[in-house]
Each structure stands twice: as structure tokens, then as C-alpha cells.
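Summary of structural features
As a plain string of letters, each chain reads:
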Amino acid sequence: MKQHLKKSILSVLLTSCILFTVGCGTTSLNSDYDDDKNAEVSVSKSQEDETSFITEYKWQGAKDGSLMVFEPDRNFKYYRYADDLDDNYYYGTYVFNIGSSAVQYLTTDLADNGVTADELQTIFDNNEGYDESNFVCLVLNNEACIIDGENQVENPYQTPYFGFCLEDTDGTLVLDLANMNTGNYSTFIAK
């Protein structure tokens, strides 16, 4: 079952990479640098730099109108509706990595999901604009889910995502993510 889900997630991510690249003409976050400089930039990023990147924006779901908000203290809220911040949301802590640290985190800390560095390298090699420098890994540690003012979560749980952070043709940042628990794919736009 886990192997089937892993294959589904990787194929969804690969397909979405191709569709997003064709549809939006995306570029890597570090498109002004040559490939060697891209590697240097992503390797030299500190954990604080990575966190500040995701906390600079609110991330709105492109299809469902949801909203993810990440705080510098590593707390998050994931609202079902961007226009209702009082109810229907998850909250907890998060882990965010980008670049080589995202690959490392996914293939070591989240190794139980079965994604290997070789499989990721295949995705990087086969998709222009998608490489290690804009690869992301996000884990939401869901501590509560508030619906109608009441917490619905008895036991905290994790939701791991991996994907890419890209710029669309007008310069807007986009997170293209695959949920590793369900295999579902989502796009979030920086606001």
C-alpha cells in the first residue's frame, strides 16, 4: 500500500511539474544565477532563512480558497476559508526546508515515506525549472482542528508535503505541493 501511494505521489508531482511549467512558464527562484550558483545558494541557506521565506507571505489555495499562515516561531494556522479566520482551521507547529536541506529532510527524517534521493534527482533532471534549489519539504504538526469553535483532534498528527516553490510569469511566488499522506496535489499562491 505504501509503495503504491509513493508511486502515486511521485507521478502526481511529476505530472503537475510538467503541467505547471507549460501553463505558467515558471522559473526557478534563483533563475538569475547559473546552475553552480543555484547549488551554492541553496546549500548555504540557514534554517532561519528558510523559515523567513515562508513567513513573509500568506499562502492562499489556488483552487479551494484556503489559507496557510506561518509564523516565525514555527507555529501555523491552516484556514479552510481565507475570508473566515475565526473558525474551520488547523493549528500547530511546522517544519519547512528548501533546497538541499529539503532533499535531506525528506530522504532521512521522512524516509518511511520511501522517497529516495535518486527518485528526486530524476524529477529534477526531467523538468526544466524544477531543481534542488526550489524543492521544498513542509511538515504540518497538526495539534488541533477547530470546527464550530471546538477542537476535533484528540491525537496530534503530521501532514508531510513536498514539492516546489516557483515564480509564475508575473513574478508571483507559488508553492506546488503534494500531500504525502493522501497523494493529493495543491497549489498555494503567495499573498
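In case you missed it, the structure is sitting above this.
In this report, we go over the structure that sits alongside the text. Position numbers for residues count from 1 along each chain, tracking the sequence in the order it is written. A pLDDT threshold of at least 70 governs which residues receive local features in this predicted model, and a stricter bar of 80 or more applies before side-chain atom pairs are shown or counted, although totals over entire chains, interfaces and linings include all residues. Excluding hydrogens and water, the side-chain figures rest on all heavy atoms present in the structure.

Right, let's talk about the pairing of strand E2 (residues 67-70) for a bit. Of the two faces of E2, the one carrying Leu67 and Val69 and the one carrying Met68 and Phe70 are both buried. By definition, two strands form a pair when at least two bridges between them are found by DSSP. Put simply, DSSP marks the helices as runs of H or I at least four residues long and the strands as runs of E at least two long, and each gets a number from the N terminus on. Note that strand E1 (residues 58-61) and E2 share three bridges and pair antiparallel. Counterpart to glutamine 60 in the pairing with E2 is leucine 67. Hairpin connection between E1 and E2: a loop of five residues separates the two successive antiparallel strands, and glycine 65 in this loop has a positive phi of roughly 75°. Pairing of E2 with strand E3 (residues 75-81), which is carried by four bridges, proceeds in the antiparallel orientation. Looking at the pairing, leucine 67 lines up with tyrosine 79 of E3. Each residue's exposure class comes from its accessible area (1.4 Å probe, protein chains only) as a fraction of the maximum for that residue type: buried when under 20%, exposed when over 50%, partly exposed otherwise.

With that settled, consider the environment of valine 153. Its location among the elements puts valine 153 in the loop between strand E6 (150-151) and strand E7 (157-167). A C-alpha to C-alpha distance of 7.0 Å links valine 153 and glutamate 143, two positions ten residues apart in sequence.

Linking E2 back to E3 in an antiparallel pair, the connection comprises four residues, with arginine 74 at a positive phi of about 70°. Pairing of E3 with strand E4 (residues 84-98) involves six bridges; the strand directions are antiparallel. Note that in E4 the partner of phenylalanine 76 across the bridge is glycine 92.

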